[in-house]
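# Inside the fold
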Amino acid sequence: MTTERPRPVKTTETSLALVRAVRNSGGATLSELANRLGLAKSTVHNHLHTLVDEGFLVRDGDTYHVGLEFLPFGEHARDRNPVYATARRRVYSLAEETGHEADFIVEENGRAYSLEYAIGESSRRGVSELGPFRAGSRFYMHNCASGKAMLASMPEPRIRAIIDRWGLPSTTDQTVTDETVLFDELAAVRDRGYAINDEELIDGYRSVGAAVTNPEGEVVGAFSIGGPTYRMAVDESTTEEIERLLLDEIESLESELFR
């Protein structure tokens, strides 16, 4: 007996689409939202009115912004992860020790989410040139170092389910978009213990990531260290040093949590 997937509720989809559009644009007017989503202004107005009343959006003149009512939801979603509190300390330690960016990322619904992010001293100026990295950032799994590290630690059916749902979209000319090539790379990740993102997520950005697993071998997250390519030079000594730091931190974390 097959269970049919429930049909999405259109009104809920519309409200969520409006919230995402407001967030992604850094604030938007009713007309801008209606044009962006292809909706009637009256429909958009009704949704916005409800979202403002509930505190999930706020209005500043004619512009709508995301409201602070979302803040406790995000904090609750992050803090309920049993690994977060311990991993958070280690993110800041990695950033301080390397001078680069460091983050702890987990997988949910086939996407990679940053739970904690810190910027080391040497990357403070360069990161702002590249993109909106921060705690809460969401990525595809196949084009970031942490995502690939987690994929490499998953069983093949799970990997294929993620690819079937989200595909392998390209974000730069370097993104791996061929399934066979990706599986070959994941095999290499398993052999060496860490993954590399060499301008596959964002042009000019490079990172190294390694997965954290529990005693049963299940993935609970991943750490990565990254930064602008001119600071993350591709050479054997640099990669080996970052790899050592990552794997030592992960071994220490796993010992603290699971042993």
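Presented here is an overview of the structure given in this document. None of the values given here were measured: they were computed from a predicted structure.

## Notes on the packing of aromatic side chains
In this structure the tally under the stated criterion is three aromatic pairs. Here a set of aromatic residues connected by ring pairs shows up, and it is made of Phe56, Phe70 and Phe73. The positively charged end of Arg111 is found above the aromatic ring belonging to Trp166, 4.7 Å away from the centroid. Here Arg192 stacks its cationic end above the ring of Tyr194, 5.2 Å away from the centre of that ring.

## Considering the pattern of salt bridges
Two side chains that carry opposite charge are able to pair once their charged atoms sit near each other. Under the counting rule described, the total for this entry stands at 15 salt bridges. Between Glu116 and Arg88 there is a salt bridge; the shortest N-O distance is 3.4 Å. Of this pair, Glu116 sits in strand β5 (residues 111-119) while Arg88 sits in helix α5 (residues 84-98), and the two are 28 residues apart along the sequence. For Arg88, a relative accessible area of 37% gives the class partly exposed. Note that Arg90 is salt-bridged to Glu249, the shortest N-O span being 2.8 Å.

## Let's talk about the sheet that holds strand β8 (residues 205-213)
The antiparallel open sheet is built from six strands, whose spatial order is β6-β5-β4-β9-β8-β7. Strands with a single pairing partner mark the edges of an open sheet, and in this sheet they are β6 (138-139) and β7 (195-198). As judged from the two bridges shared by β5 and β6, these two strands associate in the antiparallel manner. Its bridge partner lying in β6, Ala112 is registered against Phe139. Lying over the sheet, α5 contacts β4 (101-108), β5 and β9 (219-228), oriented at roughly 55 degrees with respect to β5.

Cut-offs used in this document
- Residues numbered from 1 in each chain as written.
- Predicted model: local features only at pLDDT ≥ 70, side-chain atom pairs only at ≥ 80, totals over all residues.
- Heavy atoms only, no water.
- Phe/Tyr/Trp six-rings, centres within 6.5 Å; stacked < 30°, edge-to-face > 60°.
- Lys NZ or Arg CZ within 6 Å of the ring centre and 35° of its normal.
- Salt bridge = Lys/Arg side-chain N within 4 Å of Asp/Glu carboxyl O.
- Helix = DSSP H or I, 4+ residues; strand = E, 2+ residues; numbered from the N terminus.
- Buried < 20%, exposed > 50% of the residue type's maximum accessible area, 1.4 Å probe, protein only.
- Pairing = 2+ DSSP bridges.
- Contact = heavy atoms within 4.5 Å.
- Axes fitted to C-alpha atoms, helices over the stretch in contact; angles between N-to-C directions.

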